[in-house]
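# An overview of the molecular structure
Chain by chain, the residues:
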Amino acid sequence: MVMSSNNSTSKSHFNIYIPNSENLSQGTRMGRPSPTIKMEPGIVTSTTNISQFLSKLWKIVNDKTTDDMILWSDDGNSFIVRDQTRFSMELLPNYFKHNNFSSFVRQLNMYGFRKVLNTEHGGLRCVRDDWQFSNKNFCRDRPELLELVKRKVGRL
């Protein structure tokens, strides 16, 4: 994945290139860092590692063709998995070596994502199969924050 910043005004704009899902899934494991991300030219020039899991998640959530299964929330501070079963069967195997939604949620938790409860229905599960997750450093149009999302270190 390569990000570049163009600073023509005071607001930075990032262009993102993420290799296709076949390249991302070959010979990688979910927790392993992806190739180096370079932010060039502009105000921000840095090199960092972002895990394969986060790279794939970023690609999936930003892919408009999958909005019927996973998409950004209206405010862009979280993402929503619309249909857990369809997402697990149709999308997860294309990016990861499994189709297990519980494993996907476990990975999200390891990276500090939290489930957002629906307060409309008193936190109770409604008819829809929507699951919403947030992490303060995983926000729409803010790829520069991805380097701040870190996997939790296990206890010894």
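What comes next concerns the included structure. (Residues numbered from 1 in each chain as written. Predicted model: local features only at pLDDT ≥ 70, side-chain atom pairs only at ≥ 80, totals over all residues. Heavy atoms only, no water.)

### Comments concerning the environment of Gly-76
Along the polypeptide, Gly-76 turns up in the loop between β5 (70–72) and β6 (78–81). According to the relative accessible area criterion, Gly-76 is buried, its value standing at 2%. As a C-alpha pair, Gly-76 and Ser-134 span 58 residues in sequence and 9.5 Å in three-dimensional space. Leave out the neighbours within four places in its chain, and Gly-76 touches Phe-138, Cys-139 and Arg-140. (Helix = DSSP H or I, 4+ residues; strand = E, 2+ residues; numbered from the N terminus. Buried < 20%, exposed > 50% of the residue type's maximum accessible area, 1.4 Å probe, protein only. Contact = heavy atoms within 4.5 Å.)

### A word on the pattern of salt bridges
By the definition in use, this model includes three salt bridges. One salt bridge connects Arg-86 with Asp-68, and the closest N-O pair in it is separated by 2.7 Å. Residue Arg-86 is found in helix α3 (residues 84–95), and its partner Asp-68 is found in the loop between α2 (52–62) and β5; the two are separated by 18 residues along the sequence. Residue Asp-68 is classed as partly exposed on the basis of its relative accessible area of 39%. For Arg-86, the salt bridge identified is with Glu-90, shortest N-O distance 3.1 Å. On the criterion of helical spacing, the pair formed by Arg-86 and Glu-90 is a turn pair, its members being four residues apart in helix α3. One connected set of salt bridges, linked through shared partners, spans Asp-68, Arg-86 and Glu-90. (Salt bridge = Lys/Arg side-chain N within 4 Å of Asp/Glu carboxyl O.)

Honestly, that's just the spatial picture; any functional story needs more than this.
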